Amino acid sequence: MADLREEISRRRTFAIISHPDAGKTTLTEKFLLYGGAIAQAGEVKGKRARAATSDWMEIERQRGISVTSSVMQFQHSGFCINILDTPGHQDFSEDTYRTLMAADSAVMVIDGAKGVEPQTRKLFKVCAMRHIPIFTFINKMDRETRDPLELCEEVERELGIDTYAVNWPIGCGKAFQGVYDRAEGSILFFSSEGHGRKAASTRIDLEDPAAAELLGGQTRWQTLRDEVELLGAGREFDMEAVRAGTLSPVFFGSALTNFGVEPFLEAFLRMTTPPLNRMTDSGEIDAFSPDFSAFVFKIQANMNKAHRDRIAFMRVCSGKFQRDSEVFHMQSGKKLRLSQPQQMLAAEREIIDEAYAGDIIGVFDPGMFSIGDTVTVPGKKFRFLGIPTFEPEHFMRVSPMDTMKRKQFIKGTEQIAQEGAIQIFRIPFAGMEEVIVGVVGTLQFDVFQYRMRSEYGVELRMTGLPYDHLRRIAASPVEPKDLTLCADAALLEDFRGRSLVAYSGEWPVGYLLKHNPGLALEEPS
């Protein structure tokens, strides 16, 4: 039992969130670099040969953006770290929202030149809803940035969370020399060893006269001392407020040059929490309970092109998981053995024998699992709460260009639909020669088209549809096929056989309810 508590206590599971291009994936790479998981970081910027380790899908490497959430585990300073690198682009926020449900804390990356951006606000709201600790890394200090105090004030004003600057930047752009460590009362000067390698640092006390020379003169030294004195007049650091998600510790640095990354990682690991307890329909589950439990937060097909398999990603919520032990799948009511559990470094896999609360494991999915499913030890029956679903806002009619590819078309659409990021609907009584694809963001259409071509060998014919809303038929006075529909609405069916109505604008809802007494519509779940 002591070993179990010790192993769970050293777990740190967090997500990295940001607006696109704030440097989130670069920071993830540098964490892996300092953790020893990779020897040299891939250069994200530009069209060079190296690509980000966490971007495993070919389309991510081509476009230089993350379109799926990646899962990576490594060891550092006695901690076992699980990083969830999420897409920053708003068209993939659905995957990001679900991934945040598996995290115990979040690192919010902000571009020092741009400040708080729209996607940052959206993702912050999800973190705030869960009351998880949020740590802020103000990035790109190697470029010209806004005033650091102004950036902290904007975070407070725009996001409604208090901030505490754990360190303070010394200059920006080419003049960015290092950071002042408030807890230690010392300056960390950085020197570059190249973007892909660790930054060297020199520590010196702020009041040491030699600091003036390193800073480039008495004026700069005095300016820094004045700024530090001003910071001291602000609020005190409160760890309880951090844990409650009401105070965000702020760090400054440059993920690209590695300046400030290691001090941030070390401080973050000290401050953030071990695995948190989770709510179920039967009450709270203690992370340190000896009984294993987990939930599925992501499904991904074809991560390994050689095997064309499907992986269900599970967040272990309590206890210890052991390979080949019998578990109970709540949704199907069946017992099963998870014989080849894996841990990930993006697309790289390693078969594991055990995992603890806080860990993320991948298991082969024969088509049994869905997002939100609960897995427990036999004899326990409960379901974890809080996996969000999203209403698609864009729709397209899709069919294969080559009718001889019908079999591959059906397989591809069914597998991608089960992943949950792209929603696919049948047209009732129309067979599977064409389907309706619904997405939250239009860039997902490009990813769908790309994956159908590269993973299933199917070229698609895609036609836009005018719908922007979807409702499930909760109750109907007649068979759904006999409902009276207007021109701006269409009857659809999902892969679970449930009937839905897609429509444009708000007017069709009134029409449908008026002309079909007894009809009840609800948001899809």
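The structure this text deals with has already been given above.
Notes on the structure in this doc start here. Since we're looking at a predicted model, the values are computed, not measured.

## Considerations on the overall build of the chain
Thought 1: When its secondary structure is counted, the chain shows 13 helices and 31 strands.
Thought 2: Residue burial in the chain is summarised as follows: out of 525 residues, 56% are buried.
Thought 3: When the accessible surface of the chain is summed, it comes to about 22100 Å², and 48% of that surface belongs to carbon and sulfur atoms.

## A short note on the packing of aromatic side chains
Thought 1: Under the defined criterion, the tally for this structure stands at 18 aromatic pairs.
Thought 2: Both rings, one in Phe-14 and one in Phe-31, keep their centres 6.1 Å apart while their planes meet at 75 degrees; by these two values the pair is edge-to-face. Here the residue Phe-14 occupies a position in strand E1 (residues 11-18), and Phe-31 occupies one in helix H2 (residues 24-34), the gap between them amounting to 17 residues. Of the two residues examined, Phe-14 and Phe-31, each falls in the buried class.
Thought 3: Measuring from ring centre to ring centre gives 6.0 Å for Phe-176 and Phe-259, while their planes differ by 45 degrees; the resulting arrangement is tilted. Taken together, the positions of Phe-176 in the loop between strand E7 (167-170) and strand E8 (178-181) and Phe-259 in the loop between strand E11 (247-252) and helix H10 (261-271) put the pair 83 residues apart, joining distant regions of the chain.
Thought 4: In this structure an aromatic cluster arises from ring pairing among Phe-14, Phe-31, Phe-135, Phe-137, Phe-251, Phe-264 and Phe-268.
Thought 5: We note Arg-5 situated over the ring of Phe-288; from NZ or CZ to the ring centre the distance is 4.3 Å.

## Some details on helix H8 (residues 218-232)
Thought 1: An ideal rise of 1.5 Å per residue puts 21 Å on 15 residues; H8 measures up with 21 Å between its terminal C-alpha atoms.
Thought 2: Residues Trp-221, Leu-224, Val-228 and Leu-231 constitute the buried set of H8. Each buried residue of H8 sits inside an arc of 85 degrees when the element is viewed along its axis, so together they form one side. In H8, the exposed residues that point more than 90 degrees away from the buried face are Gln-218, Thr-219, Glu-229 and Leu-230.
Thought 3: Looking at the packing, one finds that the buried side of H8 touches strand E6 (162-165), E7, E8, strand E9 (186-191) and helix H7 (210-215).

## What to know about the environment of Lys-30
Thought 1: Note that Lys-30 resides in helix H2.
Thought 2: In this structure the C-alpha to C-alpha distance between Lys-30 and Ala-255, which are 225 residues apart in sequence, comes to 6.8 Å.

## Observations regarding a negative patch on the surface
Thought 1: A surface patch of like charges, here negative, comprises Asp-147, Glu-153, Asp-226, Glu-227 and Glu-229.
Thought 2: With 3 residues, H8 is the largest single contributor of residues to the negative patch.
Thought 3: Note on placement: Glu-153 falls in helix H6 (residues 148-159).
Thought 4: Judged by its relative accessible area of 43%, Glu-153 falls in the partly exposed class.

Cut-off values and rules
Residues numbered from 1 in each chain as written. Predicted model: local features only at pLDDT ≥ 70, side-chain atom pairs only at ≥ 80, totals over all residues. Heavy atoms only, no water. Helix = DSSP H or I, 4+ residues; strand = E, 2+ residues; numbered from the N terminus. Buried < 20%, exposed > 50% of the residue type's maximum accessible area, 1.4 Å probe, protein only. Areas by Shrake-Rupley, 256 points an atom, 1.4 Å probe, with all protein chains shown as cover. Phe/Tyr/Trp six-rings, centres within 6.5 Å; stacked < 30°, edge-to-face > 60°. Lys NZ or Arg CZ within 6 Å of the ring centre and 35° of its normal. Expected span 1.5 Å × (residues − 1). Arc of directions from axis to C-beta. Contact = heavy atoms within 4.5 Å. Patch = residues over 30% accessible without salt bridge, like charges linked within 9 Å, V, L, I, M, F, W, Y side chains within 5 Å. Salt bridge = Lys/Arg side-chain N within 4 Å of Asp/Glu carboxyl O. Lys, Arg positive; Asp, Glu negative; His and termini not counted. Charge placed at Lys NZ, Arg CZ, Asp CG, Glu CD.

These results come straight from atomic positions and should not be treated as a statement about function.
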